[in-house]
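Descriptive analysis of the structure
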Amino acid sequence: SNGGNRVAELSLEVTGPDRSGLINIYRHVKGDDSILTSDTEAIEGYKKGKTVVFRLFRKDTPGTIEFYEWYNPAKGDHFYSTDRSGEGKSLVGYDFVGSIGNIATVKLSDTRELFRWFKPEKGTHFYTTDPKGEGRTGDGYKYDGISGYVR
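Keep in mind it's a predicted model, so treat the numbers as computed, not measured.

Conventions adopted
- Residues numbered from 1 in each chain as written.
- Predicted model: local features only at pLDDT ≥ 70, side-chain atom pairs only at ≥ 80, totals over all residues.
- Heavy atoms only, no water.
- Helix = DSSP H or I, 4+ residues; strand = E, 2+ residues; numbered from the N terminus.
- Buried < 20%, exposed > 50% of the residue type's maximum accessible area, 1.4 Å probe, protein only.
- Contact = heavy atoms within 4.5 Å.
- Areas by Shrake-Rupley, 256 points an atom, 1.4 Å probe, with all protein chains shown as cover.
- Phe/Tyr/Trp six-rings, centres within 6.5 Å; stacked < 30°, edge-to-face > 60°.
- Lys NZ or Arg CZ within 6 Å of the ring centre and 35° of its normal.
- Core = buried A, V, L, I, M, F, W, Y, C linked by side-chain atoms within 4.5 Å.
- Salt bridge = Lys/Arg side-chain N within 4 Å of Asp/Glu carboxyl O.
- Polar contact = N/O pair within 3.5 Å; in protein donor to acceptor, adjacent residues only side chain to side chain.

In terms of helices and strands, the chain carries zero helices and nine strands. When the helices and strands of the chain are read in sequence order from the N terminus, they spell out β-β-β-β-β-β-β-β-β. For the chain, the residues scored as buried account for 38% of the 151 residues in total. Considering only intrachain contacts with a sequence separation of at least 6, the fraction spanning at least 24 residues in the chain is 58%. For the chain, the accessible area works out to roughly 9200 Å², and carbon and sulfur atoms hold 48% of it.

As structure tokens, then:
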């Protein structure tokens, strides 16, 4: 105002980056099968994942597309891809589950690769942000590419 000087209290709240656009993903495991899910509850027959393995983006986040899930009960395998037709891989015996969130198809700020590993002898897949496959190479897994980019 034009009426002189006064002392006014001011407070600020400083927060970290906005994480509301992200979905926490956990890995529940049963043998060679692992489910990537936002569900923190135990899934029957699977060892419950207690920590976030990575984060996916919410639908309509710029620079991302849907990340789809299929399940093959005979193999005990979950397969994930950005391609609704499964990247040309044979999905015989797999049931389409749906989208688990969105994944970046190019490296965005603060993202890292989500690597896919494949175990030919069993036909199972494993997904991790660890470029060494979390030691799965000794268990017969072979590098199968980058599925996308996650936080």
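We are not done yet, so read on.
Take the packing of aromatic side chains next. Per the counting criterion, the structure on display carries nine aromatic pairs. An aromatic cluster is present here, built from Y68, W70, F79 and F96 joined pairwise through their rings. Above the plane of the ring of F96 lies R84, whose end atom (NZ or CZ) is 3.4 Å from the centre. Here the guanidinium or amino end of R136 rests over the ring plane of F126, the centre of that ring lying 3.9 Å away.

Right, let's get into the environment of L22. By the element assignment, L22 lies in strand β1 (residues 22-30). Take L22: its relative accessible area is 7%, and that puts it in the buried class. Residues L22 and F54, 32 residues apart in the sequence, show an inter-C-alpha distance of 9.6 Å. Leave out the neighbours within four places in its chain, and L22 touches R55, L56, F57, R58 and R151.

One recurring pattern in soluble globular proteins is that nonpolar side chains are buried together. Formed by 19 residues in total, the largest nonpolar core has its most connected members in L36, F54, L56, F67, Y80 and L114. Among the secondary structure elements, those contributing two or more residues to this core are β1, β2 (33-37), β3 (54-57), β4 (64-72), β5 (77-81) and β6 (95-104). The element contributing the most residues to this core is β4, with three residues. With sequence-adjacent residues up to four places away left out, Y80 is seen in contact with S34, I35, L36, F67, Y68, E69, W70, E87, I100, R116 and Y127.

Let us now look at the pattern of salt bridges. Taken as a whole and judged by the stated rule, the model has seven salt bridges. The shortest N-O distance in the salt bridge between D32 and K122 comes to 3.2 Å. You can see D32 sitting in the loop between β1 and β2 and its partner K122 sitting in the loop between β7 (112-119) and β8 (124-128), a full 90 residues away along the chain. Judged by its relative accessible area of 14%, D32 falls in the buried class. Linked through salt bridges whose partners overlap, the residues forming this network are D32, K119, K122 and D139.

For D60, which is not a glycine, the phi torsion comes out positive at approximately 70°. Tracing the sequence through the fold places D60 in the loop between β3 and β4. Notably, E134 is not glycine yet its phi reads approximately 55°, a positive angle. By the secondary structure assignment, E134 is in the loop between β8 and β9 (142-150).

Relative to the elements of secondary structure, T64 occurs in strand β4. For T64, a relative accessible area of 12% gives the class buried. Among the polar contacts made by the side chain of T64, one reaches the side chain of N102 at a distance of 3.1 Å. The contact partners of T64, leaving out residues within four places of it in the chain, are F57, R58, N102, I103, A104 and L108.

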